[in-house]
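# Architecture at a glance
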Amino acid sequence: MDTLLLQIFNGLSVSSILLLIALGLAITFGLMKVINMAHGELIMIGAYVAYVTQLFFIKYVSKEFFSFYFIVAIPLAFVVSALVGLLLENVLIRFLYGRPLDSLLATWGVSLILQQLARNIFGAPNVDVVSPSWLNGGLRITAGLQLPYKRLFIIAMVVFCIAGVYFFFYHTANGRKIRAVMQNREMAACLGIPTRKVDAYTFAFGSGLAGIAGCTLSLLGSIGPSLGTYYIVDAFMVVVLGGVGRLIGTVAGALSIGILNTALEFGTTATIGKVLVFSIVIAFLQWRPLGLFAIRSRALD
Amino acid sequence: MVKKRLFKRLTPALAITLSLGLLVSGCGATGAQSQNTAPSQASGDTIKVGILHSLSGTMAISEVSVKDAELMAIDEINASGGVLGKKVVPVIEDGASDWPTFAEKAKKLLQQDKVATIFGCWTSASRKAVLPVVEENNGLLWYPVQYEGLESSKNIVYTGAEPTEQIVPAVSWLLKNRGKDFYLLGSDYVFPRTANKIIKAQLKAEGGNLVGEEYTPLGHTDYSTIINKIKAAKPKVIFNTLNGDSNVAFFKQLRDAGITSKDITVMSVSVAEEEIRGIGAENMAGDLAVWNYFQTTNTPENKAFVEKYKAKYGNKRVTDDPIEAGYFGVYLWAEAVKKAGTTDVDKVREALKTGIEYKAPEGLVKIEPENQHTWKTVRIGEVQPDGMFKEIWSSGQPIKPNPYLKGLDWAKGL
């Protein structure tokens, strides 16, 4: 019984991680149609921000406040990744709108450059981020069932991010502008919305979300220059399965892949589980090429 | 028409990638050249040697330091007059954690740079990729990492442990001291799979009990499901053959699931001091690892070695088994070349047959003429809160290498 419950929890936990890494991509790829291969490296930047914040706290802040470094690191990661995203959009991506193949290759190049940059700055070996003490251990429900605080925290973090994104898009003037530009650029421009500015800020927002994901992932695994490469494929798979352009689709995609993956991994092995997940996703996309939630649009494109 | 348009759209993208590629490879080349202190022409007074490790990718966490140790040994040898009166010049290549790249770079080192020997590789997959290249070109590879055995190439000198110098004594010790129920967890490639084949045969012969076996791809980061399976299987020992970054994720998540070293002993064979820095000592304290050398190993040679390494690369750096094996490998090669009077691979191999020895930081090591493996002392260590090992068992003396496990009845079918 404990095993089954824990397995259900693991499914949710893996889903939440997938959702966190895919959320930024759901905006840059889903809404803006930019195939951003450097998304993984924006995640990596967020993770290194956590590392640098930790170093700063060790050096300049008294010990009793050390555990709070993580609270500082999360918004900081958002800001730093968003700034990198803004820069990337300004010098490269904006020339490549509407050219998905070119943006694929160019951003892949950017991802290589960012990886090498991280290697030069922080060194090739992985670095260790000490998790804040209040996230160590877990919530003990029965003798054999313990839910790690870190995973509960990640789930809470995702719920917070989704709520934030939803509020931003549907209940603020800026969100409305973004949706207007993405749905009908010419019309939006005619109505006086500065589309260039909106593009830049949207891309930065998506990048910032990747930063939060990276910062949060430092709780679970290692931080290294190649961190992003482990997550980029999963992130794209979630967005494509969910249906490009729909937030709810990304949530559904993450949930189905996460739960399917843990269930299959439990029944078989890690390698076979992954193979089965990929096969099922491919088969599903053959049947419904637009994913779980397709946009019904009257646009002729 | 459509095709043509697509091509038109692709051209600038291609141009961008190509130029990026050039940029990246350009950076790599300048990086390697800056390491070369002498001009790279094969002139009369230098000997070129290749260094081939993953300086990027998932294995960089481990291999970069081995490269550093090998360079340190080369510097020391040069400072004391070089080999045969000639200066040793390293040519550094990045295998990039990618096995075909290793083969390609080995070929480049042997055919283009015409190096006298290569120090390199970490994973067995990379060694297996380089093996046909060194055999074809009659090169000599010095391989510094413990591995799964069942191999003996005349073109490879193995300065790391084979199973009877690491895994087999560790399994016997665990059965005697920690319990009979084993869970095998490893990365999905040749070393963990072969090592586990050996462990399974040994468990059967020595009364152990296999309760689970699991492999994950290199770079895997989510171990929640596997930890759940481990909980359900209730082993006494987890025998961990994970490699690279996965170890970090596994140990962090194991502790978060509420499993401590008191509940289940984790015995690792690919986690040394260098990896513990990335995992975090607090996540591994109390767990075990089996090696032939620890930074804390108590010999005068080791004291000097650790001091020199820290002086050269910084006080925060640590030494570990493969670093040490990479280091003394360079010295063993220099000894063999001195004895042969030439760097010619066939002559050096003849010299190796006479039994070359060296007082390494781990104690006396010598090359076994029969299989070009190294006599080594086995040590089991417990991880301390400061990330160092405390030796809790040792074989006391160097063990004769036996890569094909000859004379062990249970190993006959392998």
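Given the structure is predicted, the values throughout are model-derived calculations rather than measurements.

Moving on, we get to the interface of chain A and chain B. Counting residues at the interface gives 47 residues for chain A, matched by 46 residues for chain B. Overall, the association of chain A and chain B removes approximately 3600 Å² of surface from exposure, summing both partners, and the carbon and sulfur fraction of that is 54%. For the pair chain A and chain B, the number of links is two salt bridges. On inspection of chain A and its partner chain B, the count reaches 17 residue pairs in polar contact (both at pLDDT 80 or more). Of all the elements in the fold, those that place two or more residues in the side of chain A that touches chain B are helix 1 (2-31), helix 4 (100-122), strand 2 (145-148), helix 5 (149-171), helix 9 (227-242), helix 10 (247-267) and helix 11 (270-287) of chain A.

What follows covers the packing of aromatic side chains. Evaluation of the coordinates by the stated rule reveals 32 aromatic pairs over all chains. Ring centres of F78 of chain A and F205 of chain A lie 6.1 Å apart, and the angle between their planes is 75°; on these two criteria the pair is classed as edge-to-face. Here F205 of chain A lies in helix 8 (residues 195-217) and F78 of chain A lies in helix 3 (residues 69-91), a separation of 127 residues in the sequence. Put simply, the rings of F56, F57, Y60, F66, Y69, F70, W134 and F153 of chain A pair up and form one aromatic cluster. The ring of Y143 of chain B has R127 of chain B sitting right over it, with the charged end atom 4.8 Å from the ring centre. Taking the ring centre of W375 of chain B as reference, the NZ or CZ of K366 of chain B above it sits at 4.6 Å.

With that out of the way, let us pick up helix 6 (residues 173-183) of chain A. Along an α-helix, a turn takes 3.6 residues, which lines up residues three or four apart on a common side. All names here are of chain A. Listed in full, the buried residues belonging to helix 6 are G175, I178, V181 and M182. Along the axis of helix 6, the buried positions cluster into a sector of 125°, meaning they face one direction only. In the core, the buried residues of helix 6 are packed alongside helix 1, helix 5, helix 7 (185-190) and helix 8.

Residue and element names in this part refer to chain B. As far as domains go, chain B holds domain 1 (4-161 + 306-366) and domain 2 (164-292 + 377-411). At the junction of the two partners, domain 1 supplies 30 residues and domain 2 supplies 29 residues. Carbon and sulfur atoms supply 60% of the area that domain 1 and domain 2 bury against each other, a total of about 2500 Å² over both sides. Seen at the junction of domain 1 and domain 2, the total is zero salt bridges. Of all the secondary-structure elements, those providing two or more residues to the side of domain 1 that touches domain 2 are helix 2 (60-79), helix 4 (124-136) and helix 12 (321-340). For the side of domain 1 that touches domain 2, a count of residues per class yields twelve nonpolar, ten polar and eight charged.

Conventions adopted
Residues numbered from 1 in each chain as written. Chains lettered and ligands numbered in written order. Predicted model: local features only at pLDDT ≥ 70, side-chain atom pairs only at ≥ 80, totals over all residues. Heavy atoms only, no water. Contact = heavy atoms within 4.5 Å. Buried area = accessible area lost by both parts, 1.4 Å probe. Salt bridge = Lys/Arg side-chain N within 4 Å of Asp/Glu carboxyl O. Polar contact = N/O pair within 3.5 Å; in protein donor to acceptor, adjacent residues only side chain to side chain. Helix = DSSP H or I, 4+ residues; strand = E, 2+ residues; numbered from the N terminus. Phe/Tyr/Trp six-rings, centres within 6.5 Å; stacked < 30°, edge-to-face > 60°. Lys NZ or Arg CZ within 6 Å of the ring centre and 35° of its normal. Buried < 20%, exposed > 50% of the residue type's maximum accessible area, 1.4 Å probe, protein only. Arc of directions from axis to C-beta. Domains from an automatic or database assignment. Nonpolar A, V, L, I, M, F, W, Y, C, P; charged D, E, K, R; others polar.

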